[in-house]
Number of protein chains: 2
Amino acid sequence: MSASERSIQTPGPLSGASDAGAPRVLVLGAGFGGLWATRALAGAPVEVTLLDRHNYHTFYPLLYQIGAAEIDATEICYPVRKILRDQPNARFRMAEVEDVDLDARRVEAGGAAYGYDHLVVATGSDPHFFGVEGAERHAFPLREVEHGEALRNHVLRRFEEAEAADGAPRAGLLDFTVVGGGPTGVEYAGALAELVAGPIRKDYPVVREHPVRIRLLEAQHRLLSSLPQELGDYARQRLEAMGVEVRFEAMVERVEPDAVHLAGGEAIATETVVWTAGVRGAAAAERWGLPVGRGGRVEVEPTLQVPGRPEVQVVGDMAGFRQDGEPLPMIAPVAIQQGEHAAENVVRLARGEEACPFAYSDPGMLATIGRNHAVARTRWFTLTGFPAWVVWVLVHIAKLIGFRNRLVVMLTWAWDYFTYERFSRLILPGDDEDGGG
Amino acid sequence: MSASERSIQTPGPLSGASDAGAPRVLVLGAGFGGLWATRALAGAPVEVTLLDRHNYHTFYPLLYQIGAAEIDATEICYPVRKILRDQPNARFRMAEVEDVDLDARRVEAGGAAYGYDHLVVATGSDPHFFGVEGAERHAFPLREVEHGEALRNHVLRRFEEAEAADGAPRAGLLDFTVVGGGPTGVEYAGALAELVAGPIRKDYPVVREHPVRIRLLEAQHRLLSSLPQELGDYARQRLEAMGVEVRFEAMVERVEPDAVHLAGGEAIATETVVWTAGVRGAAAAERWGLPVGRGGRVEVEPTLQVPGRPEVQVVGDMAGFRQDGEPLPMIAPVAIQQGEHAAENVVRLARGEEACPFAYSDPGMLATIGRNHAVARTRWFTLTGFPAWVVWVLVHIAKLIGFRNRLVVMLTWAWDYFTYERFSRLILPGDDEDGGG
């Protein structure tokens, strides 16, 4: 009889050992939050079980590059088992969480039940369509590897269809619309502009006679609103220099397979709508009985604990943690720091101590705009252009888990850089029509 | 108005120019036969249109390695447009052939019509299940990239499920059955045995206590029947040394999701059945009115022309060409030589000359068995073991199109070789259940 089976009948005490020995820590999600929590527990006197519906960790910050046919999924995905191979107190189960019973301290996943003494919820975020009609159905979000692959296939198919149209591509076929002027929207629009200006122009003669239009629609008055104003201005200049049409105060009201409709009545013919306008905490939290607040994120104590459930902590995009009155952004550094903090709290609780409050130490923010420009905000100064891009490349390569992935990504980038060529232009199997939602 | 549109109204003369000028050559399929035919027409006074439902060429000889999680699809797929970029008389259309009208000399594909003066049919082969009940539904063929990916996902999921079963994996979960003792069956069984002995053993503790069984079922009395007897014997010894159970005279009568049933009544519990027992010419040929003979292959003249249709040639797996009374094997060297020959015939016919008969020049055959053993038959001698493996590696790397693919595959192999590690162990999106048929 395994520890998890036993636990179902007799849930362990709050912060002590299960009757088998070490306290059982259950971590939901192998993204940045869950994985870093698990790794931070290496050597601690606990038994960790990490659950994820995929058997790999995804390096989300580069997801948009899959959608722009710059890199392949395998370059930013890394097997969880490999990461945990040398951590004897951790085990991985590939399973989708079906239900969480907070009272019974039990999680149902993949047909099995997992009891816990401590739970770390790190199930991330979903695209947020704000109820815009047709968006979930027809627009492509960029939150999962599947989304990136579906978008890449869809984009490349547009050009194949334009070629097959023998000189008369239909309206909207070569019009691409990115909704949302945050980092993902800016990065994707820039990458797409470069894809079109480089390999697409070489291999698809149709685009020499028929203009490709890339529009970036932002509801507010500026790009990159989480960064200083001058960085948003710089991003806009760069994108426009690359041929991207940046439009402010453009509120999307409806998405159709071949058009977006804006507030005010304007319709834009486009067969490709990329939705980067918003994310929200993963939808399941409410069903599990967690206290969900604004943006679908779980309201947590300053310690990351759920009110009234000291054995449950929430980290990353799912956590509605506020610092200086503002919710923290849904980005990797926040998830990593919270994951590590939750691990420390588990150790404290297991020792009978109190959990400590979390504080985010902001390392800055980065966004790339095309091949060799970026914007960066550090704690002390801001950077734009090529120097910022070099920082961006170094930071991202350094953060990619696994030497071999780093090597392949570096080689791919170096190759791209010198040959101005991309290689992931394969329309590989997988559903790629009718959006990724 | 394009040449192809014009042609629909007035099909060009048999072997002369269309009224637009150069004769229009239509090539169906961007596999070895079609691609080599197209490339061989570079510089010839013809206009070539190449159609394929994918936008990439697949290096089929390494497909089994995708199924064994050794390499990724992108390492053996190469964009067709890139290959043809410097060939001004060729254009590519990504389109699935819907109909061929031999009388009107017209092909319908992807909603468009393509007229031709010369047609080269190179649409390859499909798995052949010989009417075995359940095989098409539940067994995994290995003819397309999709098949390789579906098989890889399925195999890796077996081990994830075994881990999640907490010490009691169900019968058949860790039993793998390869049907067919030809090169693909031998290569896949060997690769799977190494996957299990290496990374799976490291990352899935369950296999240390629960044996993994790999069975290779062959209906005849030996492996690799297209190679000399001693090579088949060697392959069997090697596979058995790697733990593969090789069974002869094992006729599969029925495949179920969790078992195969053999003639004679024996049932083997297995959730994974890989079908390498046969291929046949692509099924559409008959529908198009081509004279289909044994193995679903088109009966051709010694020149590769279709009887009574001198403007139509068939090459590769689709061609039922006989040499010394025997049909040629469905392998890449045959397709390549026939593709090039068909191109030469097109040029001859366009000049008003007669087509020449084809003769296959046999360069030998190779099959690999695991990490560093292979068998090779050249024109003069046979080789086994490590020397044959070195030949195999060199030949395959040399044949991969594109420097970057070669580089990545070489690096991957070198890395695998020295670290005894595999990296494509991601269960990526895509349908992976209920077989690949």
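Note that the structure is a prediction, hence the values are computed from the model and not measured.

1. Brief notes about the overall build of chain A
(1) Moving on: Summing up its helical and strand segments, chain A has 14 helices and 26 strands in all.
(2) Moving on: Within the span of chain A, comprising 437 residues, buried residues form 54% of the whole.

2. Remarks on helix 2 (residues 32-40) of chain B
(1) Moving on: Judged by how many residues are buried, helix 2 of chain B sits mostly within the fold: 7 of 9 residues are covered.
(2) Moving on: Residues of helix 2 of chain B that are buried include every one of B:Phe32, B:Gly33, B:Gly34, B:Leu35, B:Trp36, B:Ala37 and B:Thr38, and no others.

3. Side note on the domain arrangement of chain A
(1) Moving on: Per the domain assignment, the segments making up chain A are domain 1 (3-53 + 95-127 + 280-350) and domain 2 (135-277 + 371-419).
(2) Moving on: Classifying every residue of the side of domain 1 of chain A that touches domain 2 of chain A by side-chain character gives 2 nonpolar, 1 polar and 1 charged.

4. Looking at the packing of helix 2 (residues 32-40) of chain A against helix 12 (residues 332-350) of chain A
Each packed pair of helices is defined by two parameters, the angle between the axes and the distance between the axes.
Residues and elements named next belong to chain A.
(1) Moving on: Where helix 2 meets helix 12, the closest approach of the two axes is 7 Å, and the angle between their N-to-C directions is 35°. Classified by chirality, the crossing of helix 12 by helix 2 is right-handed. Every residue of helix 12 that contacts helix 2 at Phe 32, Gly 33, Gly 34, Trp 36, Ala 37 and Ala 40 is listed here: Ala 332, Ala 335, Ile 336, Gln 338, Gly 339, Glu 340, Ala 342 and Ala 343.
(2) Moving on: When the residues that make up the contact of helix 2 with helix 12 are grouped by side-chain class, the tally is 9 nonpolar, 4 polar and 1 charged.

5. Considerations on the sheet that holds strand 5 (residues 90-94) of chain B
Residues and elements named next belong to chain B.
(1) Moving on: If you trace the 6 strands from one edge of the open sheet to the other, you get 5-2-1-9-21-20, paired in mixed fashion. Edge positions in the sheet fall to strand 5 and strand 20 (305-306), since each has one partner strand and no second.
(2) Moving on: As judged from the 3 bridges shared by strand 9 (residues 118-121) and strand 21 (residues 309-314), these two strands associate in the parallel manner. Residue Val 121 lies in a different strand from strand 21, and its bridge partner there is Val 314.
(3) Moving on: Set on the sheet, helix 2 makes contact with strand 1 (24-28), strand 2 (47-52), strand 5 and strand 9; between it and strand 1 the angle comes to about 155°.

6. Some remarks on the pairing of strand 24 (residues 365-368) of chain B
(1) Moving on: Summarising the sheet, strand 24 of chain B and strand 25 (residues 374-377) of chain B pair through 4 bridges and their orientation is antiparallel. Each bridged residue has a counterpart across the sheet, and for B:Leu366 the counterpart in strand 25 of chain B is B:Ala376.

About the criteria used
- Residues numbered from 1 in each chain as written.
- Chains lettered and ligands numbered in written order.
- Predicted model: local features only at pLDDT ≥ 70, side-chain atom pairs only at ≥ 80, totals over all residues.
- Helix = DSSP H or I, 4+ residues; strand = E, 2+ residues; numbered from the N terminus.
- Buried ≥ 20, exposed ≤ 12 C-beta atoms within 10 Å, placed from the backbone.
- Domains from an automatic or database assignment.
- Nonpolar A, V, L, I, M, F, W, Y, C, P; charged D, E, K, R; others polar.
- Axes fitted to C-alpha atoms, helices over the stretch in contact; angles between N-to-C directions.
- Left-handed = near helix turned anticlockwise from the far one by under 90°.
- Contact = placed C-beta atoms within 7 Å.
- Pairing = 2+ DSSP bridges.

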